[in-house]
Amino acid sequence: MATNIVRESAKIYEFPVRNIQRLKDAQANRPRPLIYDSGCGSWYHEEAIREEEEARKQ
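Residues numbered from 1 in each chain as written. Predicted model: local features only at pLDDT ≥ 70, side-chain atom pairs only at ≥ 80, totals over all residues. Heavy atoms only, no water.

### So, the overall build of the chain
So, step 1. Looking only at helices and strands, the chain features two helices and zero strands.
So, step 2. Burial status across the chain gives 0% buried among its 58 residues.
So, step 3. In the structure as shown, the chain presents an accessible area of about 6900 Å², 54% of it carried by carbon and sulfur atoms. (Helix = DSSP H or I, 4+ residues; strand = E, 2+ residues; numbered from the N terminus. Buried < 20%, exposed > 50% of the residue type's maximum accessible area, 1.4 Å probe, protein only. Areas by Shrake-Rupley, 256 points an atom, 1.4 Å probe, with all protein chains shown as cover.)

What follows is the structure in structure tokens.
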């Protein structure tokens, strides 16, 4: 077993300084993603809720 293992110490990297106003401007100019709602993707969930409500009424 080798006992003369040399380990380097950790390297510390400085985070870049950011311009907050420039980041806000870039976010404001970014187009918003479109979200399409088909209205029929969760029919099974709605059906389960309806069945549960009917079971409670009985």
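Further notes follow.
### A look at the pattern of salt bridges
So, step 1. Considering all chains together, one arrives at three salt bridges under this definition.
So, step 2. Note that E54 is salt-bridged to R50, the shortest N-O span being 2.4 Å. Taken as a pair, E54 and R50 lie in helix α2 (residues 43–57) at a separation of four residues, close to a single helical turn.
So, step 3. The class for E54 is partly exposed, based on a relative accessible area of 37%.
So, step 4. In this structure, the salt-bridge partner of R56 is E52, at a minimum N-O distance of 3.8 Å. Taken together, the positions of R56 and E52, both in helix α2 and four residues apart, correspond to about one turn of that helix.
So, step 5. Taking the relative accessible area as the measure of exposure, R56 reaches 66% and is therefore exposed. (Salt bridge = Lys/Arg side-chain N within 4 Å of Asp/Glu carboxyl O.)

### Re helix α1 (residues 20–29)
So, step 1. When you tally the buried positions in α1, you get zero out of 10 residues, a small fraction of the element.
So, step 2. With a side-chain oxygen lying 3.2 Å from the backbone nitrogen of Q21, the N-terminal cap of α1 falls on N19. (Polar contact = N/O pair within 3.5 Å; in protein donor to acceptor, adjacent residues only side chain to side chain.)

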